[in-house]
Amino acid sequence: MGFANMAKNIKKYLHYVMSFLSIIMVFVSAHALAEPGENQWKTHKNKNNIVIRYRQYQNSELLDINACLKTRGTPHQALEFLTYPKFIKHWLDNLESISLIEQITPSRNIMSSTFSGMFLVKPRQAFVYSKISVSNDGIITINQQDAGSKYKAEKGYIRVNLIRAAWQISPAQDSHIDICYSVVADPQGNIPQWLANRVALGSLNKTLRNVQHQFKPTNNSL
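Everything numeric in this text was worked out from a predicted model, so none of it was measured.

A. Fine view of helix α2 (residues 75–83). Counting buried positions along α2 gives seven out of nine residues, so the element sits mostly inside the fold. Those residues of α2 lying buried are Pro75, Gln77, Ala78, Leu79, Phe81, Leu82 and Thr83.

In structure tokens, the structure reads:
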């Protein structure tokens, strides 16, 4: 009986130790993300044709994030996939709803997006102005920025301030394209910035994986 109790106590002690170490590791990695420095790019992920990098944005605690994906397809196919709400609602991570507020011109619009909350993170809402342009070498760019302070978040949501963002779709070799997304956004609210940064990196990773799995152009259109 004494041996059984001792084993039970040791197991409980090890559980507490592992929980404590897990908490320490979260804070250590969070400190590494938020640590100011030379403003050099750091790699968050480089696997399965997805590369995600980040660096400190100016002198703030915000992150400047750049993520790229190589996949089959054409720039115009990817443009449709990345801009139509019927597709966006399936690949954008944590999205609750997306709606068109104003179609200013065929290449410019304003959209509203709401995102569900999670542990320690309240629901968010973003208002995004987008402008599409095409260069002479076939590169498609979707420049995005906050649509302006006149758009207020719905009750129960915290408004995101989109400082800048852009999708860039570039033709590559062998019927492939490079899809890259860069973003700097302030989630606002009371969420600790280190936690917001980790959520942003994880969410962008899931988003690109969704794009990778769902964007399947037919061979006849390549």
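B. Just the nonpolar core, in detail. Within the largest apolar cluster, 34 residues are counted, with the highest numbers of intra-cluster contacts made by Ile65, Leu82, Trp91, Trp167, Ile169, Ile179 and Val211. With residues up to four places along the chain from it excluded, the contact list for Trp167 reads Leu82, Trp91, Ile140, Thr141, Ile142, Gln144, Ile179, Cys180, Tyr181 and Leu208.

C. Quick peek at the state of the cysteines. In total, this model carries one disulfide according to the counting rule given. Residue Cys68 pairs covalently with Cys180 via a disulfide, S to S 2.1 Å. Judged by the torsion about the S-S bond (115°), the Cys68/Cys180 disulfide is right-handed. Of this pair, Cys68 sits in strand β3 (residues 63–72) while Cys180 sits in strand β10 (residues 176–186), placing them 112 residues apart in sequence. With a relative accessible area of 22%, Cys68 lands in the partly exposed category. A relative accessible area of 17% means that Cys180 is categorised as buried.

D. Summary view of the side chain of Thr83. With respect to the helices and strands, the residue Thr83 is situated in helix α2. Side-chain polar atoms of Thr83 contact the backbone oxygen of Leu79, separated by 2.6 Å. The contact partners of Thr83, leaving out residues within four places of it in the chain, are Ile88, Met111, Ile132 and Ile142.

E. How the structure looks around the pairing of strand β4 (residues 95–105). Two elements, β4 and strand β5 (residues 108–115), share eight bridges in a ladder whose sense is antiparallel. The residue bridging Ile98 from the neighbouring strand is Ser113, located in β5. Counted between consecutive antiparallel strands, the loop separating β4 from β5 contains two residues.

What counts, and where the lines are drawn
- Sequence positions are assigned chain by chain, starting from 1 and proceeding in written order.
- With pLDDT at 70 or above as the cut-off, local features in this predicted model cover only qualifying residues; side-chain atom pairs require 80 or more to be listed or tallied, and sums for whole chains, interfaces and linings still use all residues.
- Hydrogens and waters are ignored; side-chain quantities use all the structure's heavy atoms.
- Only protein chains enter the calculation, and the probe is 1.4 Å; a residue is then buried if its accessible area is under 20% of its type maximum, exposed if over 50%, and partly exposed in between.
- Numbering of helices and strands runs from the N terminus; a helix is a DSSP stretch of H or I covering at least four residues, while a strand is a stretch of E covering at least two.
- Among buried residues, those of type Ala, Val, Leu, Ile, Met, Phe, Trp, Tyr and Cys that are joined through side-chain atoms within 4.5 Å constitute a nonpolar core.
- Note on definitions: a residue-residue contact is assigned when non-hydrogen atoms from the two residues lie within 4.5 Å.
- Here, a disulfide means two cysteine sulfur atoms that sit within 2.5 Å of each other.
- Polar contacts, as used here, are pairs of N or O atoms within 3.5 Å; protein pairs need one atom able to donate a hydrogen and one able to accept it. Residues neighboring in sequence count only if both atoms are side-chain atoms.
- Two strands pair if DSSP finds at least two bridges between them.

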